[in-house]
Structure formats: structure tokens, C-alpha cells
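Chain residues, written in single-letter form:
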Amino acid sequence: MTILYAGILLGALGIIFGAVLTFASKKFHVEVDERVAQVRECLGGANCGACGYPGCDGFAAAVVAGEAPINGCAPAGEKGAKAIGKIMGQEATVGEKLVCRVLCQGAAGIAKDRYEYDGYQSCATAAGLAGGPKDCRFACLGLGDCMDKCAFGAISMENGICKVDPDKCTACGACVKACPRGVLKLLPVSANVIVRCRNSDTARVARAVCMDACIGCGRCKKECQHEAITVENGFARIDPDKCTRCGACAAVCPCKCITIG
């Protein structure tokens, strides 16, 4: 009989709790706009946070609420933005695709080492130890913080420096934020003539720490017939809006720090 009473009691409690939960679910039910799920399906799906919202779900809700732009998800690209625009009844305007570029050529054996680093494999950690193991204070440290942050497998580490696969890059910007040296930059995909150095030290100091450093000699500037190049703070800069991608600057650079592609 004791077992029977216990069974009846548990059954009664189950019915009571079920009724309470049913009442609560109806009482506190929040209507969810079906467009949130539809927008969510159009996103990159990496929860990278590049949009400024807590993951793809947060961004989708913000779009439907009118708080975020329909083209605010970089990984979704033009196709995703247009799909979201169709859901929201808006016209999507998407600029030229961006891609991450590495503004450094200081691979192992090119950039000189200050000391041998065998600590925790983190660029941020290494940078805090006497400025990092590489003599050049502008060089990629090559320990993979950017690679770890990339949710799309677009970054690899080769010979002590990061490499970006432009076909996999979605321009989410997570790697740019992760780099303690500011080596990575998002640029229009067409801007493929790049100065792979930002060393603002004097030419003598720059060359002493890296064999491929820009020395600010100005030969590229003189060669450019479109006034697309300036030399400021010791290194060359290219204006992508003026650059015609002729490659003349890369041909005359004595340090081969201007690359095409």
C-alpha cells in the first residue's frame, strides 16, 4: 500500500506541475518574429561577433528590430545581404569585397630574432616580454593568435609568419583585432599591390632588423606615374583609389617589399 500511495502522490504532483508549466508558458509566451530565423539562415554562422552583436542570433534579432544594417554581416557577403534585404523588404547595398592582407614579410630568417622564445604560443603573451622575440617591433610574431581567432580556416602559419587565403577570408576582422602588432589590415580585394612593411624607423635601423624592410627610398614614388604612392614616416603607402595595378613600383623596389597579389 505504501508503494501505491507513493505512486499516486507522484502522479498527482506530476499533473499539478504540468498544469503550472502549461499555464506559465501561455502566460509569459513571447511572440518571436519568424523573420529572425529566416535572417539567421542567411548569415555566416560563425558567431564571430564582427557585427558588434553577441553572435548570429543577436544580429538577426537586431536586423528584424531595425537596429542593425542588413549588410552588417561581413561573412555573409553580398549574397547574404541581398537575401536578408529580400526578407526585410529593403534594397541591399554592398560595397567591394574586403580581404585581410598581411603587411609584413618578416618570416624566419628574414626578420632577425632578439631572443629565442619557447613560452606560451601566443603573440599577445610574447609581445609583453621585452617587446617580443623579433627585433623588428612592427613584425608579425608568428605565434598564431590570428589563426586561432579565424573561424573560417583562412589563416595559416608558415615559416614564422601568418598567411591569409583570400578565397577563404570573409573579412570578419577577428584576426585584425587579435593581432597585437597591427600587422593585418582589411583592404578591398582589388587593392592587390601592397607595401608589406610598416617599419617607421630610419632606413639603417629598419634594414638592421629585417632584410625585406621598406627603407623609404622613394624609388617607387618616383616610378609611379599616377601619384598613387607617398612616403611617410619612413615607409611607402599606396592609395588604392589612384593605383592602376601596373606593377611598376614593385619592379623598382630594391627591398622587394611591394608585392602584387
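Use the structure listed above.
Below, the structure is looked at part by part.

Rules used in this analysis
- Residues numbered from 1 in each chain as written.
- Predicted model: local features only at pLDDT ≥ 70, side-chain atom pairs only at ≥ 80, totals over all residues.
- Heavy atoms only, no water.
- Helix = DSSP H or I, 4+ residues; strand = E, 2+ residues; numbered from the N terminus.
- Rg over C-alpha atoms; globule rule 2.2 N^0.38 Å.
- Buried < 20%, exposed > 50% of the residue type's maximum accessible area, 1.4 Å probe, protein only.
- Contact = heavy atoms within 4.5 Å.
- Areas by Shrake-Rupley, 256 points an atom, 1.4 Å probe, with all protein chains shown as cover.
- Lys, Arg positive; Asp, Glu negative; His and termini not counted.
- Charge placed at Lys NZ, Arg CZ, Asp CG, Glu CD.
- Pairing = 2+ DSSP bridges.
- Salt bridge = Lys/Arg side-chain N within 4 Å of Asp/Glu carboxyl O.
- Polar contact = N/O pair within 3.5 Å; in protein donor to acceptor, adjacent residues only side chain to side chain.
- Expected span 1.5 Å × (residues − 1).
- Arc of directions from axis to C-beta.

Re the overall build of the protein chain
Secondary structure summary: the protein chain contains 10 helices and eight strands in total. A compact globule built from 261 residues should have a C-alpha radius of gyration of about 18 Å, whereas the protein chain, at 27 Å, is more than 25% larger. Along the first, second and third principal axes, the C-alpha set of the protein chain runs to 95 × 50 × 25 Å. Looking at the protein chain as a whole, 38% of its 261 residues qualify as buried. Taking the intrachain contacts of the protein chain between residues at least 6 apart in sequence as the baseline, contacts between residues at least 24 apart amount to 55%. Surface exposure of the protein chain reaches about 14,900 Å², of which carbon and sulfur atoms provide 56%. Taking the average place of the 30 positive charges on the side chains of the protein chain and the average place of its 25 negative ones, the gap between the two points comes to 4 Å.

Some remarks on the pairing of strand β3 (residues 161–164)
Relative to β3, strand β2 (residues 155–158) runs antiparallel, the two being bridged by four bridges. Paired with M157 across the bridge in β3 is C162. Between β2 and β3, which pair antiparallel one after the other, the connecting turn spans two residues, and N159 there sits at a positive phi close to 55 degrees.

Side note on the side chain of R196
Locating R196 in the fold gives a position in the loop between β5 (193–195) and α8 (203–209). Despite its burial, R196 pairs with no opposite charge, the nearest such side chain being D212 at 10 Å. At a separation of 2.8 Å, a polar atom in the side chain of R196 contacts the side chain of T259. Setting aside its immediate chain neighbours within four residues, R196 contacts V102, L103, C104, Q105, C257, T259 and G261.

Focus: the pattern of salt bridges
Using the criterion set out here, one finds five salt bridges in the structure. R40 serves as the salt-bridge partner of D57, at 2.8 Å between the closest nitrogen and oxygen. Within this pair, whereas D57 is found in helix α3 (residues 55–64), its partner R40 is found in helix α2 (residues 34–41), the two being separated by 17 residues in sequence. With its nearest N and O atoms 3.6 Å apart, the salt bridge here joins R114 to D135. Of this pair, R114 sits in the loop between β1 (98–102) and α5 (123–127) while D135 sits in the loop between α5 and α6 (145–149), and the two are 21 residues apart along the sequence. Judged by its relative accessible area of 38%, R114 is partly exposed.

Observations regarding helix α4 (residues 77–88)
Between the first and last C-alpha of α4 there are 17 Å, a value that for 12 residues agrees with the 16 Å anticipated at 1.5 Å per step. Buried within α4 we find G80, A81, I84, G85 and M88. The buried residues of α4 all sit within an arc of 140 degrees when viewed along its axis, so they share a single face. Turned more than 90 degrees off the buried face of α4, the exposed positions are K79 and K86. Elements that come into contact with the buried residues of α4 comprise α2 and α3. Just past α4, the residue G89 takes up positive phi, approximately 70 degrees.

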